[in-house]
Amino acid sequence: MKRKLCSGWLALGLLAATPSLVQAQFAAGVPLRPDQKVSDSPMLAGAGAVPRLADGKPELSGMWNGLPDGRDPGGDNTPAGADPALAVFPSRHGDITLGEQDNRLMRKTSDDLPQYKPQYWDKINQLDMDSIKSDPAFACVTPGVPRMGAPVKIVQTPKEIILFNTFILAANWFRIIPTTGRDHHPEDLLVGSYYGDGVGRWEGDTLVLDSQGFNDVTWLGSGGLFHTADLHVVERLTRYAHNRLLYEVTVEDPEILTQPWVRRRVLFLNLNPDATIGELPPCSERDADHIKINLR
Amino acid sequence: MNKYRSLMAGVALMLAAAAPVGAHHAVNAQFDPDKFIEMTGVLRKFELINPHSYMHMDVKNEKGEYEEWAFESGAPAALRHAGIASKDAFKIGETYKMKVSPSRDGSHIGLIVVWELPDGRKIGFGTAKELGLEK
């Protein structure tokens, strides 16, 4: 038992580790800046031939939450304590409150945020200040698309693709999107959903997923980044090496954004054959009534 | 020492994850991380729920009467990684000692900083300051 607990301590460290590992765990892969190309470094370029389905299309199936070298970052069903060397606390003095301050600062000063029209800046500030009450994700509502981020796991069939996302503090989510090239059914766009109505088509070796018909409940990200029901999300998935997948997201909401918000991530194939997504318990928010200082 | 450091890292993440969904809430928002209370309680219920698991305890007040308390801990998946969410680590009816950061609103809720098992082993959930690692 003692040994089990000790290895567990290391595992908790693994969960936090460096910011890049955090990203690997909870938002798979690494971000690609606008001026970066996947050929810029061996780490980004990856290696190996792209596997293909019988119809010649690239095979996208796999667990895409690996570390750059293919190791498992520690899924929910992964034995603890894989690599203690990764257990480096990214916060100053190992202090929780300092870590939280740093997180807030990094969130707010990121240069990778959607650009809103000036008339919405006050609204965003207000939502941000009230975010313990106003952020739908705080109350266990699904983050929706695109906030749930890149898929952790992909299952592909000749006619559809299934994207799985998971987040340790909340739940597991999935989307099933046809890839036959058909257009949206007009009635599906009237529903107003959290993930939108998604349809897929191939452009060469890139799978393009077009999602529309959202509700306006979810946010694009922390800090009051709201969107309207006219949100339009285009995801482009390109497996350019055996162990690399480029995940590009273009977010359009022309009523409130001055320009499309484009984000790119390189995802790494998880080479652990036992890697999977475990069950997460239900999300039940208990803290909001006891919050005294409005801090995220 | 490194074990404690690792554990602190985990808790910080569970409470303030730099993730697409963002943090749930800051420790500071709900609890006073500068205060620590030694408490002893009898475990009544262990709730494995997101975004934070909760341990419900009966705690004796100064009049000798039992009061119901709820103590916040990490997300279930994080605890499972640590191997400390198993049923044999948290026994209903068992008496546990804890070091707790109290809630800011005075309610019978606390953030577990140190969880002491009956055999004396300690599981740390705290800050560097409390665990004696402050630089």
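Residues numbered from 1 in each chain as written. Chains lettered and ligands numbered in written order. Predicted model: local features only at pLDDT ≥ 70, side-chain atom pairs only at ≥ 80, totals over all residues.

Draft legend 1. Main features of the overall build of chain B. Within chain B one finds three helices and six strands. Helices and strands appear in chain B in the N-to-C order α-α-β-β-β-α-β-β-β. (Helix = DSSP H or I, 4+ residues; strand = E, 2+ residues; numbered from the N terminus.)

Draft legend 2. Structural view of the sheet that holds strand 10 (residues 232-241) of chain A. Residues and elements named next belong to chain A. One open sheet accounts for six strands, arranged 1-12-11-10-7-6; its pairing is antiparallel. Of all strands in the sheet, those bounded by a partner on one side alone are strand 1 (30-31) and strand 6 (197-203). Two elements, strand 11 (residues 244-252) and strand 12 (residues 261-268), share eight bridges in a ladder whose sense is antiparallel. Note that in strand 12 the partner of Val249 across the bridge is Arg263. (Pairing = 2+ DSSP bridges.)

Draft legend 3. Summary view of the sheet that holds strand 5 (residues 172-178) of chain A. Residue and element names in this part refer to chain A. Taken in spatial order, the four strands of this open sheet run 2-3-4-5, and their pairing is antiparallel. Taken across any chain shown, the strands that pair with only one partner, and hence form the sheet edges, are strand 2 (62-63) and strand 5. Across two bridges, the pairing between strand 2 and strand 3 (residues 153-156) is antiparallel. Note that in strand 3 the partner of Met63 across the bridge is Lys153.

Draft legend 4. Representation of the nonpolar core within the structure. In this structure, A:Leu60, A:Trp64, A:Leu245, A:Tyr247 and A:Leu267 are the most contacted members of the largest nonpolar core, which totals 34 residues. Listing elements by their share of this core, those giving two or more residues are strand 4 (160-166), strand 7 (206-212), strand 8 (219-221), strand 9 (225-226), strand 10, strand 11 and strand 12 of chain A. Counting residues per element, this core draws most heavily on strand 11 of chain A, which supplies five residues. A:Ala137, B:Ala26, B:Met57 and B:Val113 belong to the second largest nonpolar core, which has 20 residues in total. (Core = buried A, V, L, I, M, F, W, Y, C linked by C-beta atoms within 7 Å. Buried ≥ 20, exposed ≤ 12 C-beta atoms within 10 Å, placed from the backbone.)

Draft legend 5. Highlighting the environment of A:Thr228. Residues and elements named next belong to chain A. Here Thr228 shows up in the loop between strand 9 and strand 10. Assessed through the 13 C-beta atoms surrounding it within 10 Å, Thr228 is described here as partly exposed. Considering only alpha carbons, one finds Thr228 and Thr157, 71 residues apart in sequence, at a separation of 32 Å. When sequence neighbours within four positions are dropped, the list of residues in contact with Thr228 reads Asp216, Asp253, Glu255 and Ile256. (Contact = placed C-beta atoms within 7 Å.)

Draft legend 6. View of the environment of A:Leu98. All names here are of chain A. Within the secondary structure, Leu98 is located in helix 4 (residues 96-109). By C-beta crowding, Leu98 is classed as partly exposed, having 15 other C-beta atoms within 10 Å. Considering only alpha carbons, one finds Leu98 and Pro178, 80 residues apart in sequence, at a separation of 45 Å.

Draft legend 7. How the structure looks around unusual backbone geometry. With an omega of 10 degrees, the peptide bond running from A:Val145 to A:Pro146 counts as cis. Residue placement: A:Pro146 occurs in the loop between helix 6 (131-134) and strand 3. In this chain, B:Asn50 is followed by B:Pro51 through a cis amide linkage whose omega measures -5 degrees. Locating B:Pro51 in the fold gives a position in the loop between strand 1 (37-47) and strand 2 (54-60). If you check the backbone angles, A:Cys140 has positive phi at about 75 degrees while not being a glycine. Its place among the elements puts A:Cys140 in the loop between helix 6 and strand 3. In this structure A:Cys140 comes out as partly exposed when scored by C-beta crowding, with 17 C-beta atoms within 10 Å.

Draft legend 8. Inspection of the confidence of the model for chain A at higher detail. Residue and element names in this part refer to chain A. Across chain A, pLDDT averages 83, with 82% of residues at or above 70. Contacts from residues 1-26, a stretch scored under 50 in pLDDT, to residues over four places away or in other chains number 83 contacts. In this model residues 76-89 is a low-confidence stretch, pLDDT under 50, and it forms 39 contacts with partners more than four residues away in sequence or in other chains. (pLDDT = per-residue confidence, 0-100.)

Draft legend 9. Geometry of the pairing of strand 6 of chain A. Residue and element names in this part refer to chain A. Strand direction decides the pairing type here: strand 6 and strand 7, joined by seven bridges, are antiparallel. Considered in strand 7, the bridge of Gly200 is made with Leu209. Adjacent in sequence and paired antiparallel, strand 6 and strand 7 are bridged by two residues, among which Gly204 carries a positive phi angle near 65 degrees.

Draft legend 10. Spatial organisation of the environment of A:Gly144. Residue and element names in this part refer to chain A. Inspection of the secondary structure assignment puts Gly144 in the loop between helix 6 and strand 3. Gly144 sits in the buried class, given 23 other C-beta atoms within 10 Å. Once the C-alpha coordinates of Gly144 and Tyr247 are considered, the two residues, 103 residues apart in sequence, prove to be 17 Å apart. Not counting the four nearest positions on each side in its chain, Gly144 is found in contact with Tyr194, Tyr195 and Thr218.

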